[in-house]
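Chain residues, written in single-letter form:
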Amino acid sequence: MNRLPKDFLWGGAVAAHQIEGAYRSGGKGLSTADVMTAGDVDTKRKITAGIKEGEYYPNHEASNFYHRYKEDIQLLKELGLKAFRTSINWARIFPKGDEQEPNEEGLQFYDDLFDELLKQGIEPVITLSHFEIPYHLHTEYGGFKNRKLIDFFVHYAQTVMTRYKNKVKYWMTFNEINNQMDSFDELHTWTNSAVRFGEEDNKEEVTIQASVNELIASAKAVKIGKEINPDFQIGCMMAYVPVYPLSAHPHDQLAAVKMMERRFFYSDVHVRGELPAYALARWKKQGYKIVYTEEDLNALKQGTVDYIGFSYYMSHAVTTLPDVGGEAVRDYPGAKDTANPYLTANDWGWQIDPTGLRYTLNIVYQRYNKPLFIVENGMGAYDKIDSDGKICDDYRVDYLKAHIKAMTLAVNEDGVDLMGYTPWGVIDIVSFGSGEMEKRYGFVYVDKDNQGKGSLKRIRKESFGWYQQVIKQNGLGDE
Ligand code: P53
């Protein structure tokens with residue numbers, strides 16, 4: 001009962017901007033990730049206007065995968081990966097984003113990378129936009145609040161899907177497209193859609209407009225992709241942080257439903273091809289004027305996804321109870337996002353909840369009846385090299401083991417159709433949220449610290465051998 005289906009895609013995941021480095025090589029333009037400084041657990045990353053002298057930008061070099069990918073893929077092969085999820089850095093292909101002609105050197109880099117993966121028997125799983133929008137599309141157009149970005153994205157998608165049509169079968173359009181709806185702070189609207197807010201803008205309204213534009217762009221890319229190669233499997237990518245009602249109070253139950261609409265809005269459109277009634281009702285109530293055409297609505301219908309890819313790290317809880325503290329949320333009167341007293345958290349306050357993964361798989365599969373793909377999961381932690389050079393990351397093994405157990409139950413006891421599992425940051429990379437190198441997820445350690453110092457040497461952690469065994473026996477076996 002602890003095994004997964006025979007063709008299960010055991011893998012690992014990264015994103016171009018967090019691993020590649022070489023931010024100016026091969027004709028690449030600046031991306032939104034290139035103007036983000038490093039932060040830490042208490043300090044937010046800054047987004048600077050262009051590149052400023054004296055600031056440290058951790059993504060510029062990252063783990064230098066651009067120059068070391070052959071050696072890294074050897075390690076991934078040794079680990080036994082069947083699939084490797086990464087993204088294409090849009091700014092390598094269209095340095096400014098609005099060109100007609102792609103940059104051949106950028107295209108060639110991904111040809112070589114995919115060839116190398118395929119040669120080692122590893123299936124590439126490719127995200128088209130993972131927080132690395134060409135910077136010029138922000139400065140010149142204001143990001144995805146501008147409809148012109150729909151065409152730029154579709155042109156980019158068509159270019160790479162045509163070029164790699166015989167090398168890549170699994171695609172996703174926008175990474176964690178729903179994050180921007182959680183907070184309209186710079187970091188999330190920035191990374192998801194490169195939006196430049198005007199002073200008069202209602203941030204929620206503008207974020208919804210950018211989201212709708214992205215959903216239209218995604219649907220158009222799906223339709224074109226299926227024309228390029230009908231065997232393509234094209235999915236969406238959601239951050240599924242489930243929200244639980246803290247108590248059985250009916251207001252808590254409803255508050256959780258309302259908060260989940262922030263996430264379901266995106267997958268509802270991706271999967272069903274129409275704008276959900278609850279969204280239209282809220283826009284009306286708020287007086288938001290979201291612009292789209294009949295043709296856009298048609299495009300949404302014609303570009304529904306084949307599967308739902310999602311990240312899963314943690315769960316949240318919400319309450320309306322007056323005697324419980326928490327951060328006020330806009331979704332329901334008196335609702336507060338609050339800590340779940342039944343769970344513990346990692347050093348960054350992310351509450352660890354393996355059962356929540358089984359819960360999520362059930363809820364999402366029941367809602368859509370489409371194949372699911374866990375494309376990110378893992379626990380960021382500070383790893384230490386001990387005196388004999390070993391990295392004993394048993395906490396990582398504990399976290400992953402519990403989550404694999406939960407997902408196995410969802411498949412074998414709940415009947416969920418699950419395509420694969422690609423834990424996050426399989427080789428250490430720059431953290432997206434904090435910009436730290438020392439918030440690590442990988443089975444392979446990369447010798448580099450938060451200030452950018454280190455040899456970049458790769459070291460297998462203790463978890464490496466453990467995950468290798470899991471893949472070999474296609475699950476946790478008899479543990
Ligand atoms: P870091 C929020 C909630 C869950 C996952 O994150 C999230 C976010 C970000 O707002 O992001 C994803 O590196 C993202 C990756 C990222 C990974 O989670 O902050 O898709 O790019 O690195 C882990 O620890």
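Keep in mind the model is a prediction, meaning the values are calculated, not measured. (Residues numbered from 1 in each chain as written. Predicted model: local features only at pLDDT ≥ 70, side-chain atom pairs only at ≥ 80, totals over all residues. Heavy atoms only, no water.)

So, the layout of surface pockets
Condition: Method remark: on a 1 Å grid restricted to protein atoms, a set of points is classed as a cavity if a 1.4 Å probe fits but cannot get out and as a pocket if it is open with protein on both sides within 12 Å along at least five of seven lines; lining residues have an atom within 4 Å of a point. Grid points are joined across faces, edges and corners, and a volume is the space filled by probe spheres set on the points. Runs of E in the DSSP output that reach at least two residues are strands. Runs of H or I that reach at least four are helices, and both are numbered from the N terminus. Think of it as three bins: nonpolar holds Ala, Val, Leu, Ile, Met, Phe, Trp, Tyr, Cys and Pro, charged holds Asp, Glu, Lys and Arg, and polar takes everything else, Gly as well.
Space inside the second largest pocket adds up to approximately 360 Å³. For the second largest pocket, the lining is made up of 17 residues, of which K258, E261, Y278, R282 and D331 are closest to its centre. Put simply, the parts of the chain that give the lining of the second largest pocket at least two residues each are helix 8 (203-228), helix 9 (250-272) and helix 10 (277-286). The element best represented in the lining of the second largest pocket is helix 10, accounting for six residues. Its residues placed into classes, the lining of the second largest pocket shows nine nonpolar, no polar and eight charged.

A word on the packing of aromatic side chains
Here is the rule we go by: The aromatic pairing rule takes the rings of Phe, Tyr and Trp, using the six-membered ring of Trp, and pairs them if the centres are within 6.5 Å, calling planes under 30 degrees apart stacked, those over 60 edge-to-face and the rest tilted. Three exposure classes are used, based on accessible area relative to the maximum for each residue type with a 1.4 Å probe and protein chains only: buried under 20%, partly exposed in between, and exposed over 50%. Definition used: whenever NZ (Lys) or CZ (Arg) falls within 6 Å of the ring centre and also within 35 degrees of the ring normal, the charge is taken to sit over that ring.
Tallied over the full model, the rule gives 31 aromatic pairs. Ring plane angle 50° and centroid distance 5.9 Å describe the contact between Y307 and F373, whose orientation is recorded as tilted. Of this pair, Y307 sits in strand 7 (residues 307-311) while F373 sits in strand 11 (residues 372-376), placing them 66 residues apart in sequence. Neither Y307 nor F373 differs from the other in exposure class; each is buried. Taken together, F65, Y66, Y69, F84, F109, Y110, F114 and Y164 form an aromatic cluster joined through their ring pairs. Just above the ring of F109 sits the side chain of R92; from NZ or CZ to the centre is 5.6 Å. For the cation-ring pair, K439 lies above W350, with the distance from its terminal atom to the ring centre recorded as 3.9 Å.

A word on the packing of helix 2 (residues 65-79) against helix 4 (residues 104-119)
The following threshold applies: Orientation is described by lines fitted to C-alpha atoms, with helices fitted over the stretch in contact, and by angles between N-to-C directions that extend from 0 to 180 degrees. Here is the rule for angles: anything less than 35 degrees is roughly parallel, anything more than 145 is roughly antiparallel, 65 through 115 is roughly perpendicular, and the remaining ranges are oblique. Two residues qualify as a contact provided that any one of their heavy atoms is within 4.5 Å of a heavy atom in the partner residue.
Close contact between helix 2 and helix 4 brings their axes to 10 Å; oriented N to C, the two are set at 10°. Taken together, the axes of helix 2 and helix 4 lie roughly parallel to each other. Residue-level inspection shows F65, Y66, Y69, K70 and I73 of helix 2 in contact with helix 4, the latter providing F109, D112, L113, E116 and L117. Of the residues assigned to the contact of helix 2 with helix 4, the class counts are seven nonpolar, no polar and three charged.

Some points on the pairing of strand 11
Cut-off, in case you're wondering: Strand pairing is assigned whenever DSSP detects at least two bridges linking the two strands. Orienting the strands away from the viewer, one traces the path from the first strand over the helix to the second; a clockwise path indicates a right-handed crossover.
Most of strand 11 is tucked away, with five of its five residues classed as buried. Here four bridges tie strand 7 to strand 11, and the two strands are oriented parallel to one another. Bridge pairing in strand 11 places S311 opposite E376. Assessed by its sense of winding, the connection that carries the chain from strand 11 through helix 13 (residues 394-412) to strand 12 (residues 418-421) is right-handed.

Things to note about the sheet that holds strand 8 (residues 316-319)
Within a sheet, each strand pairs with its neighbour through backbone hydrogen bonds, oriented either parallel or antiparallel. Pairing is mixed in the open sheet, where four strands are placed in the order 6-8-10-9. Here the strands that pair on one side only, and so sit at the sheet edges, are strand 6 (243-245) and strand 9 (327-328). Direction of pairing for strand 8 relative to strand 10 (residues 336-338): antiparallel, over a ladder of three bridges. Considered in strand 10, the bridge of T319 is made with K336.

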